[in-house]
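Summary of the model geometry
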Amino acid sequence: MGQPVRDYLLTLCVTAAVTYLLTGPVRKFAIAVGAMPAIRARDVHREPTPRLGGIAMFGGLCAGLIVADHLYNLKSVFELSNEPRALLSGAALIWLIGVLDDKFEIDALIKLGGQMIAAAVMVIQGLTILWLPIPGVGTVALTQWQGTLLTVALVVITINAVNFVDGLDGLAAGMVCIASAAFFLYAYRLWMGYGIEAAAPATLFAAILMGMCLGFLPHNMHPARIFMGDSGSMLIGLVLAAGAISITGQVDPDNMQIFGSERGATHAMLPVFIPLVLPLTIIAIPAADLVLAIVRRTWNGQSPFAADRGHLHHRLLEIGHSHSRAVLIMYFWSALIAFGAVAYSVHSASMWIVFVIIASSAVGLALLLMPRFTPRAPHWANRFVPPRYRHRAAEETSSPSYEEKPALVTSGAQQGAADAQMGEEAAERAPVAVGVSGVNGATAIGARSRFPDRRSIDSSR
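For clarity, every value in this text was computed on a predicted model and none was experimentally measured. (Residues numbered from 1 in each chain as written. Predicted model: local features only at pLDDT ≥ 70, side-chain atom pairs only at ≥ 80, totals over all residues. Heavy atoms only, no water.)

Attention shifts here to the overall build of the protein chain. Within the protein chain, the regular secondary structure consists of 16 helices and two strands. Restricting the contact set of the protein chain to residue pairs at least 6 apart, pairs at least 24 apart contribute 75%. For the protein chain, the exposed surface amounts to about 22,400 Å²; the carbon and sulfur share of it is 66%. (Helix = DSSP H or I, 4+ residues; strand = E, 2+ residues; numbered from the N terminus. Contact = heavy atoms within 4.5 Å. Areas by Shrake-Rupley, 256 points an atom, 1.4 Å probe, with all protein chains shown as cover.)

As a further point, take the side chain of D7. Among the structural elements, D7 can be located in helix α1 (residues 2-33). Salt bridges are absent for the buried D7, whose nearest opposite-charge side chain, R6, sits at 6.2 Å. Excluding its chain neighbours within four sequence positions, the residues that come into contact with D7 are L71, Y72, N73 and L74. (Buried < 20%, exposed > 50% of the residue type's maximum accessible area, 1.4 Å probe, protein only. Lys, Arg positive; Asp, Glu negative; His and termini not counted. Salt bridge = Lys/Arg side-chain N within 4 Å of Asp/Glu carboxyl O.)

The nonpolar side chains of a soluble globular protein tend to be buried with one another. Membership of the largest hydrophobic core comes to 90 residues, with the highest contact counts inside it found for L61, L204, L235 and L238. Here this core gets 16 residues from one element, more than from any other, and that element is helix α7 (residues 171-194). Residues contacting L61, with those up to four places away along its chain left out, are T15, L87, A91, I208, M212 and L235. (Core = buried A, V, L, I, M, F, W, Y, C linked by side-chain atoms within 4.5 Å.)

A few words on the environment of I208. Inspection of the secondary structure assignment puts I208 in helix α8 (residues 200-220). When the C-alpha positions of I208 and L61 are compared, they lie 6.4 Å apart, and in sequence the two are 147 residues distant.

So, about the confidence of the model for the protein chain. Taken residue by residue, the protein chain gives an average pLDDT of 74. The fraction at 70 or more is 64%. Looking across the protein chain, the model is least confident in helix α16 (residues 412-428), with a mean pLDDT of 47, and most confident in helix α2 (residues 54-69), with 96. Within the model, pLDDT remains below 50 along residues 257-261, and this stretch shows seven contacts once partners closer than five positions in the same chain are excluded. Confidence drops under pLDDT 50 across residues 415-461; counting only partners more than four residues distant or on other chains, this segment forms 56 contacts. (pLDDT = per-residue confidence, 0-100.)

A few words now on the packing of α2 against helix α4 (residues 83-104). Contact pair α2 / α4: the axes reach a minimum separation of 11 Å and the direction vectors enclose 170°. One finds that α2 runs roughly antiparallel with respect to α4. Mapping the contact onto sequence places G54, I55, F58, L61, C62 and L65 in α2 and P84, L87, L88, A91, A92, W95 and V99 in α4. Classifying every residue of the contact of α2 with α4 by side-chain character gives 12 nonpolar, one polar and no charged. (Axes fitted to C-alpha atoms, helices over the stretch in contact; angles between N-to-C directions. Parallel < 35°, antiparallel > 145°, perpendicular 65-115°, else oblique. Nonpolar A, V, L, I, M, F, W, Y, C, P; charged D, E, K, R; others polar.)

We now examine unusual backbone geometry. Residue L52 is not a glycine yet carries a positive backbone phi of 65°. Structurally, the position occupied by L52 is in the loop between α1 and α2. L52 sits in the buried class, given a relative accessible area of 2%. Residue E105 is not a glycine yet carries a positive backbone phi of 60°.

One pass over the structure, following the stated rule, counts three salt bridges. The partner of E105 in a salt bridge is R51, with the nearest N and O atoms 3.2 Å apart. Residue E105 is located in the loop between α4 and α5 (108-124), and its partner R51 is located in the loop between α1 and α2; the two are separated by 54 residues in the primary sequence. Taking the relative accessible area as the measure of exposure, E105 reaches 46% and is therefore partly exposed. Using a relative accessible area of 9% as the deciding quantity, one classes R51 as buried.

Attention now moves to α5. If you check α5, its first and last C-alpha atoms are 25 Å apart, about what 17 residues at 1.5 Å a residue would give, namely 24 Å. Among the residues making up α5, those that are buried are K111, G114, Q115, A118, A119, M122 and V123. The N-terminus of α5 is capped by D107, whose side-chain oxygen sits 3.0 Å from the backbone nitrogen of L109. A positive phi of about 110° marks G126, the residue just after α5. (Expected span 1.5 Å × (residues − 1). Polar contact = N/O pair within 3.5 Å; in protein donor to acceptor, adjacent residues only side chain to side chain.)

Time to look at the packing of aromatic side chains. Evaluation of the coordinates by the stated rule reveals six aromatic pairs. Taking the centre distance of 4.6 Å and the plane angle of 10° together, the rings of F58 and W95 count as stacked. One end of the pair, F58, is in helix α2; the other, W95, is in helix α4, with 37 residues separating them in the sequence. Grouping residues by exposure puts F58 and W95 together as buried. (Phe/Tyr/Trp six-rings, centres within 6.5 Å; stacked < 30°, edge-to-face > 60°.)

With that settled, consider the environment of G54. Structurally, G54 can be placed in helix α2. It is 9.5 Å that separates the C-alpha atoms of G54 and M212, two residues lying 158 residues apart in sequence. Among all residues touching G54, those that are not within four sequence positions of it are W95, M228, S231, G232 and L235.

In structure tokens form, the structure reads like this:
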């Protein structure tokens, strides 16, 4: 069992390394070709930021598949199944559509048509839903048209769910990484625990998807130096959907003889099998955001594809959460739902899992209701944490004493001069205006800055 784990870990590391190394040159290329749209009303960043991060992620996907094809324990996936080739074909098509959208802003209906065509390409090559496990009935075989329609619907829903949630730095990549980690544990258990070879492609897809997200996250965390754009969000959404289709519609529950019968296997797999058909546990937060956005826009008489600032992450910012905290809260809920579903599928009869999920949900609700709460580190850890998490008492002891501070200004003229100087310093500390051109984080070849540009608008660089 250890050898396949090492092969998966090697595939993940290669995918992450290639994605990470390609993101820097891709960022320079995006700046050179002008793939930096102007600030829109719904955006939360303050400076134009290059897109096209999906180019690096697609390079990582190709590298992961090539490495896996040459590993002893994983090459059988390519020999016994055509699913990796189907995934690569659909991913290449959706990636190309995303690149064109990042540069030229193509119409939403054209993107929807491209998503359906990419799903159809995967169906033609064998990556489709063949049957469904229905509780109380067992395995229900689907006709060719039923399987095709269900597969296309699942791919389109997943792609748009991930695309809708891509609104904050590091949010989409982190949430998909968490979902793919939980998905990997579930798929690996089916393959190695029950000896089901049909679960091997989904396990490989999850490992590669984790590598793509982990390699891109260092460049995409707040403040982001590059965005994945539609070329990246639609790509990782398709890979996630491909894994769900592979393990849901092509793994026969009757092969798990440990449950005794097909109906017993179906009931035992119910906690995760049914949600994977319409992935409401693996990407529950993006799916909920997608449904709420469609209802909200339709209710207001707008197109379901019209962009707005009503997404869940926008609402977290509106109630007072910082950018980083809003992202971490979304990470928390994604991990709770995804790993909770996997844990419940393993031990569905254990009540302690339900209690842990309920307790964790209470903690999450408490975090949502305390947007202004800032945790403080212990006194011994003050020198190891950022200044905003330190105790003020410790900072005051390290500040100059009253005798060392300059004398107070008493005259009116001197007081006015001091006020004017303070006004100028406050103006320099003001945030950069939205209309200021530039590249978020750093120049194309310069070092990354963790703070926004604090120069005044009229000052020259």
